[in-house]
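A look at the structure
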Amino acid sequence: MAAKTISLVLAGAWACAAAFGLDEEEFYHTYDGFELPAEVVMPEEEVHPSLWFSEQEIWAISQKRSGDEVSRAYWEAVLNSEYVLAQLPPIPRLEDEKQVVHKYYGTLTQVAAYNAFLYQVSNDDKKQAYLEKAVEALKRGYAGPLYQLDPIVKGSAVDEIYQGVWAQNFAAAYDWVQPALSAEDDALIRGHLVEHARYTYENLWSWASSPHNHLSKPAWGLGSTALCLSDHPEAKAWLERAVAASNANTRYFFSGDGIYREGSHYYIFSMINFLPFLYHYENTSGYNAFGPFQPAFEWPVLTRNGKGWMPNFEDSFIRPYPSQLVAKAYRYAPTRLHTEAPLSEVLQWNFRNTDYEAFDKSEERSGFNYTGASWDYPKALVEYLCYEPSIAATAPDVAPVQFLGSGQSVFRSDWKSGDPKSRTLIFQGVAEADNHEHYDHLSFVLHAENQMMSSDAGYTRKSYGEPMRKEWYLTAEAHNVVLANGEAPVDVAANLAPLSRSQLMSPFFSSEIKQAPYAAGGSHQRLVAMLEGDRFAILDLVELPEPGRMEIVMHGGRASLDRGEELMAWTYQDDDYGPAAGLRQWFWGKGFKTKELAGELTYIKGDYTAFPYVKHEKQGANGLGLTLLDPVAKSEVGVDYAYERKSDATIVVRNSEGSEWIAANATRARIGEGGWESDALFTFVRSGTEGRLRAAAVEATYLRVGEGVEFEFNGPVTMATETSRNGVYFYFSTSVPLQGIARCGGKVYRLDLSDSGLVVFR
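Values in this document were obtained by computation on a predicted structure and should not be read as measured data. (Residues numbered from 1 in each chain as written. Predicted model: local features only at pLDDT ≥ 70, side-chain atom pairs only at ≥ 80, totals over all residues. Heavy atoms only, no water.)

A word on the overall build of the chain
As a reminder of what qualifies: Runs of E in the DSSP output that reach at least two residues are strands. Runs of H or I that reach at least four are helices, and both are numbered from the N terminus. For the radius of gyration, the atom set is restricted to C-alpha positions; the globular benchmark scales as 2.2 Å times the number of residues to the power 0.38. Accessible area is worked out with a 1.4 Å probe on protein chains only. A residue is then buried under 20% of its type maximum, exposed over 50%, and partly exposed in between. With residues, only the protein chains shown are counted as cover, and all accessible areas are computed by Shrake-Rupley using a 1.4 Å probe. Positive charges come from Lys and Arg, negative ones from Asp and Glu, while His and the chain ends are left out of the count. Charge placement uses NZ in Lys and CZ in Arg. For Asp and Glu, CG and CD serve respectively.
Tallying secondary structure elements over the chain gives 15 helices and 27 strands in all. In summary, the chain has a C-alpha radius of gyration of 28 Å against a globular reference of 27 Å for 762 residues, a match within 12%. Taking the principal axes of the C-alpha coordinates as reference, the chain spans close to 90 × 50 × 50 Å. The burial tally for the chain puts 62% of its 762 residues in the buried class. Just so you have it, the chain exposes about 27,700 Å², and 49% of that area is on carbon and sulfur atoms. Distance from the positive charge centre (67 side chains) to the negative charge centre (100 side chains) of the chain: 6 Å.

Here it is, written out as structure tokens:
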């Protein structure tokens, strides 16, 4: 496929750049990510402690343990850590199993960090013991086979992604104990840190075939070491290379609006390195490195579902976002998430309204936490260091529906947390990167009734190297996509996301169309519309240069399926991901035949099982399909609430009570019934109580609803209108200036439209 060929060419170019010393900016520079200034800011002088806190802040850090229930729990987790006063593991040999070697360095560096921290903040009879244990670990340095093993060998025990965490553990530990070291011990330990910094500095660019997390994670570790040893004559060069490598990653794998293209799993896996580095940079040098990274800390809130989880697009499991770790860095920062409150308060709200139960249960069963670095990352220690109990929690007050320019759109009913009637559908259309990407263009996931519903299959079963990952999880059929001759849509060009158009937000109707090409020719257009903040319509329009096979793939999640002719009823049992619930899913499409299959889902590592999914198939050069998703409580799954099909040429359906119409119309001719008429690609009409009449039309030049409301324009407009006793409300969106007329209540109004807005006729 064309997009994949482009990615391989770019990866080869990156390898050449590393091998021949070319400026890496010749490659991977056509995306709209962000970066730190290349001119680094070094500390004025080397001071210890300074990475996480200064000497003047020790008392406040120690007193935080009684700040609130959360900080008390974090403090207890630190005190009770298995690494506190632990016996050092034996030094491994070159021939030892990979797991033995990996766990050794993770354990050693965490023993150093936990005990060094407790030495700084404790005044009890164990203080000296903490110091001695930390120094014992630090003096050992990287003894063992680390420098004899190649980190880039697949599955290496000393992979550079682990080394980035180990370096930050050791740097923090040294920073905390340095004032108490003898000159001899200081020189020995400092020598170990310098040796590893030089090793990383010399090999950094050759460790990764592209600027993905295998470049950035060790770079952030190198940056923390450079800031810790800032008096060393090579420290500035280390920091410059760390920032350059970090920038290569953030320019290409992050978008300008914060999306991380390797998926939420690798976002968290990277965050455990870049978050400490950002704190270390600011605390030691005074430079606010959090500023450029702000979109990356807002994105997980913008795309959270009703339980606070990040989606599992790309190589990713679902993930919580530990936003409490970064809240204090944005105490005074304005944010796109709130009109008045600082970002810190929204991040604190996100933390307090995130459900961790599924991840806690998984950790109890498996021993692995959600960070992806359970053997290396001092999670309890970082949580205590970063959490600030005094920060208030404030929910976002911006529109719950969000269209991110880089390709993710969030159709959210509200910002409530844990409410079964909240709905979140994420519509995916992010330009592919060259690592951890899946064939998921124009796919979507749905969370409603506090349950994962229309779902992505996820990352893999347990590990990246499993054959099943390539054989199933990253394939197009593992996602809610539309295939042409077995292939998913691709990018328009490298780093260019699928086209987005016709975005509209209104109190009762929001919609967007994304369009992507197929590598062999033709295109897929998918419209997502949220109806009444409760249900979702999905319109799929496929156009091919010659007849072929079209397949609309629909996954229901961890559910049983009762499949009828048009209605598919998905039933979810009470499980780790939510309560018992149901999803009623209708599909209409001329010429399509539906078949049921089974495929695996893995929301969290190790919890994989096969569940049913469906494919709607058709042969031809074009196809039009309409899906309606109606999440309900489990007791409502079988309730008779049928839709009746009224047309074959287009797709017009209405509910059995005749109070709601949904229409898909690829011909763009005027269609309708007695109560409405339109030439829209998609039309939604609903007559309600108290004289209310609501209607929406996507890309229409004409819309008539009821007896006295009519709109006509000289080009396509996406619009929604509501008639009530207070007047007629008209919401619109257009990409070009248009003129038209509105007839309301016997009056004629001339309209000049541009962009989007609201007009009220009284």
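There's more to say after this.
What about the environment of Pro-37?
Heads up, the rule is: Working rule for contacts: check all heavy atoms of both residues, and any pair within 4.5 Å makes them a contact.
Within the fold, Pro-37 resides in the loop between α1 (2–20) and α2 (58–63). Accessibility expressed as a relative area gives 40% for Pro-37, which makes it partly exposed. Residues Pro-37 and Leu-337 lie 300 residues apart in sequence; the distance between their C-alpha atoms is 26 Å. Residue contacts for Pro-37: discarding those within four places in its chain leaves Val-243 and Tyr-287.

Examining the packing of helix α6 (residues 160–177) against helix α10 (residues 264–285)
This is how the line gets drawn: Only the stretch in contact is used when a helix axis is fitted, and all axes are lines through C-alpha atoms; the angle between N-to-C directions ranges over 0 to 180 degrees. Crossing handedness is read from the near helix: turned anticlockwise from the far helix by less than a right angle, it gives a left-handed crossing, and turned clockwise, a right-handed one. Throughout, the ten residues Ala, Val, Leu, Ile, Met, Phe, Trp, Tyr, Cys and Pro are labelled nonpolar, Asp, Glu, Lys and Arg are labelled charged, and all others, Gly among them, are labelled polar.
Running from N to C, α6 and α10 point in directions that differ by 30 degrees, and their axes come no closer than 10 Å. Where α6 crosses over α10, the two elements pack in a sense that is left-handed. Together, Ile-161, Gly-164, Val-165 and Gln-168 of α6 and Phe-269, Ile-272, Asn-273, Pro-276 and Phe-277 of α10 make up the contact between the two elements. Taken together, the residues of the contact of α6 with α10 break down into 6 nonpolar, 3 polar and no charged.

Structural notes on the packing of aromatic side chains
Which entries qualify depends on this criterion: Stacked, edge-to-face and tilted are the three classes for Phe, Tyr and Trp ring pairs, Trp counted by its six-membered ring, which pair at centre distances within 6.5 Å; planes under 30 degrees apart are stacked, over 60 edge-to-face, the rest tilted.
According to the stated counting rule, one finds 60 aromatic pairs in the structure shown. Each ring, one from Phe-317 and one from Tyr-459, has its centre 5.0 Å from the other, and the planes form 50 degrees; the classification is tilted. Here the residue Phe-317 occupies a position in the loop between β1 (309–310) and β2 (319–320), and Tyr-459 occupies one in the loop between β7 (451–452) and α15 (467–473), the gap between them amounting to 142 residues. Residue classification places Phe-317 among the buried residues on the basis of a relative accessible area of 2%.

Overview of helix α11 (residues 290–302)
Note the cut-off: Multiplying 1.5 Å by the residue count of a helix minus one yields the expected span of that helix.
Over its 13 residues, α11 extends 18 Å from the first C-alpha to the last, a length consistent with the 18 Å expected when each residue adds 1.5 Å. Among the 13 residues that make up α11, 11 are buried, leaving the element largely enclosed by the rest of the structure. As for α11, its buried residues are in contact with α9 (235–252), α10, β1, α12 (343–352), β3 (402–403) and β4 (408–412).

Topic: the nonpolar core
Applied cut-off: Among the buried residues, those of types Ala, Val, Leu, Ile, Met, Phe, Trp, Tyr and Cys that are joined through side-chain atoms within 4.5 Å form a nonpolar core.
Trp-52, Phe-117, Tyr-267 and Phe-297 are the most contacted members of the largest nonpolar core, which totals 156 residues. Take this core: its biggest share by element is 13 residues, from helix α4 (residues 98–121). Dropping the residues within four chain positions of it, Phe-297 is found in contact with Tyr-267, Met-271, Phe-274, Leu-275, Leu-278, Phe-290, Tyr-321, Val-326, Tyr-330 and Leu-347. The next biggest cluster of nonpolar side chains, apart from the first, holds 34 residues, and it includes Met-453, Met-550, Leu-583 and Phe-587.

Concerning the confidence of the model for the chain
For clarity, the cut-off: Across the chain, each position has a pLDDT score giving the predictor's confidence in that residue, from 0 to 100.
Residues with a pLDDT of 70 or more make up 95% of the chain, whose mean pLDDT is 93. In this model residues 1–25 is a low-confidence stretch, pLDDT under 50, and it forms 38 contacts with partners more than four residues away in sequence or in other chains.

Details of the packing of α6 against helix α7 (residues 183–203)
So the rule is basically this: For classification purposes, angles smaller than 35 degrees are called roughly parallel, those larger than 145 roughly antiparallel, those between 65 and 115 roughly perpendicular, and all remaining angles oblique.
It is at 11 Å that the axes of α6 and α7 come closest, and there the two elements cross at 155 degrees. It follows that α6 is roughly antiparallel to α7 by the angle criterion. In terms of crossing hand, the pair formed by α6 and α7 is left-handed. Residues Gln-163, Ala-167, Phe-170 and Tyr-174 of α6 pack against Asp-186, Ile-189, Arg-190, Leu-193, His-196 and Tyr-199 of α7. Here the contact of α6 with α7 is composed, by residue class, of 6 nonpolar, 2 polar and 2 charged.

Here's the deal with the sheet that holds β3
We count it as follows: By this definition, two strands are paired if DSSP reports at least two bridges between them.
Taken together, 5 strands build an open sheet; the order of strands is β3-β4-β5-β6-β7 and the sheet is antiparallel. Both outer strands of the open sheet, β3 and β7, are each paired with one neighbouring strand and no more. Relative to β4, β3 is paired through 2 bridges, and the arrangement is antiparallel. Bridging from a neighbouring strand, Phe-403 pairs with Ser-409 of β4.

Observations concerning unusual backbone geometry
Across the junction of His-48 and Pro-49, the peptide omega takes the value -5 degrees, indicating a cis bond. With respect to the element layout, Pro-49 can be found in the loop between α1 and α2. For Leu-85, which is not glycine, the phi dihedral falls at a positive 55 degrees. Structurally, Leu-85 can be placed in the loop between α3 (69–79) and α4. By relative accessible area, which is 35% here, Leu-85 ends up partly exposed.

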